[in-house]
Structures are given as structure tokens and as C-alpha cells.
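Chain and residue survey
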Amino acid sequence: MKTLKDVAAHQYFVAAKRVVSNEYFPAGAVLFGVVLFWTLGLLGGLSLLSAGQTLLTTISWLLFVYAATVLSPIAGLLAATDLIRRWLRNRTPDDAPA
């Protein structure tokens with residue numbers, strides 16, 4: 001006999017599987033990651049540079065931040081475009097403007 005805990009765990013698994021297999025999930029996850037990156041950056045994400053780190057650590061961190069700063073707006077724009085394209089494609093004819 002299944003316990004309530006097993007049933008709840010199964011329902012969470014089914015719900016998580018439904019979210020991950022949703023067609024909007026990949027682009028939404030990328031857009032969320034870009035927004036999170038820029039939010040953390042605005043809130044002091046470069047604090048590593050003020051600490052006494054080795055030269056290799058500082059250069060590696062700067063290269064990572066530079067690459068992420070250059071590539072994240074491109075990824076965010078592509079993700080937003082994909083989300084809008086999918087949303088427009090999936091609208092019902094009743095939702096379409098006249």
C-alpha cells in the first residue's frame with residue numbers, strides 16, 4: 001500500500017517532468033539565468049576583485065566575467081525571441097488580433 005509520502009513524491013516528480021518537458025522551459029531557463037547573472041552583477045558580483053587573490057585566479061575571474069558579459073545579452077535576446085515566437089505560434093485563432 002502506498003503511503004501519503006510516496007504519493008506526494010510521485011506527484012512532485014510528475015509535475016517537475018511536465019515543467020522540464022514544456023517547450024518554453026529551455027528558453028525560459030536561459031532568460032532566467034541571464035537576468036540572475038546581471039542582477040548578481042549589479043548587487044556586487046565583482047567583489048572577488050577586491051580580495052587578495054593570486055594573479056591566476058584574478059585573471060581567470062576577469063576572463064569569465066568578460067565572456068559572460070559579452071555572451072549573456074546575446075543569449076537573452078535569442079531566448080526572448082524564441083519565447084515570443086513560440087507564444088505567437090501557439091495562440092488560438094480567438095486570441096489573434098483582427
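Since the structure is predicted, the reported quantities are computational estimates derived from the model, not experimental observations.

1. Describing the overall build of the protein
Per the secondary structure count, the protein includes 3 helices and 0 strands. Along the protein, helices (α) and strands (β) appear in the sequence α-α-α when read from the amino end. Relative to its full complement of 98 residues, the protein shows a buried share of 8%. Carbon and sulfur atoms provide 73% of the accessible area of the protein, an area that totals close to 8100 Å².

2. Looking at a nonpolar patch on the surface
Judged by side-chain polarity, Y66, V70, L71, I74 and L78 come together as a nonpolar surface patch covering roughly 540 Å² of accessible area. For L71, the position within the fold is in helix 3 (residues 55-90).

3. What to know about helix 2 (residues 25-42)
An α-helical turn contains 3.6 residues, so any two residues separated by three or four positions project in the same direction. Taking 1.5 Å per residue, 18 residues should reach 26 Å; helix 2 reaches 25 Å between its end C-alpha atoms and fits that length. G44 lies just past helix 2 and shows a positive phi near 105°.

4. So, the packing of helix 2 against helix 3
Taken N-terminus to C-terminus, the directions of helix 2 and helix 3 make an angle of 140°; their axes are 8 Å apart at the nearest point. When the interaxial angle is binned, helix 2 and helix 3 end up oblique. Read as a crossing pair, helix 2 and helix 3 show a hand that is left-handed. The segment helix 2 lies against helix 3, with A27, G28, V30, L31, V34, F37 and W38 engaging V65, A68, T69, S72, P73, A75, G76, A79, D82 and L83. Of the residues contributing to the contact of helix 2 with helix 3, the split by class is 12 nonpolar, 4 polar and 1 charged.

Calculation criteria
Residues numbered from 1 in each chain as written. Predicted model: local features only at pLDDT ≥ 70, side-chain atom pairs only at ≥ 80, totals over all residues. Heavy atoms only, no water. Helix = DSSP H or I, 4+ residues; strand = E, 2+ residues; numbered from the N terminus. Buried < 20%, exposed > 50% of the residue type's maximum accessible area, 1.4 Å probe, protein only. Areas by Shrake-Rupley, 256 points an atom, 1.4 Å probe, with all protein chains shown as cover. Patch = residues over 30% accessible without salt bridge, like charges linked within 9 Å, V, L, I, M, F, W, Y side chains within 5 Å. Salt bridge = Lys/Arg side-chain N within 4 Å of Asp/Glu carboxyl O. Expected span 1.5 Å × (residues − 1). Axes fitted to C-alpha atoms, helices over the stretch in contact; angles between N-to-C directions. Parallel < 35°, antiparallel > 145°, perpendicular 65-115°, else oblique. Left-handed = near helix turned anticlockwise from the far one by under 90°. Contact = heavy atoms within 4.5 Å. Nonpolar A, V, L, I, M, F, W, Y, C, P; charged D, E, K, R; others polar.

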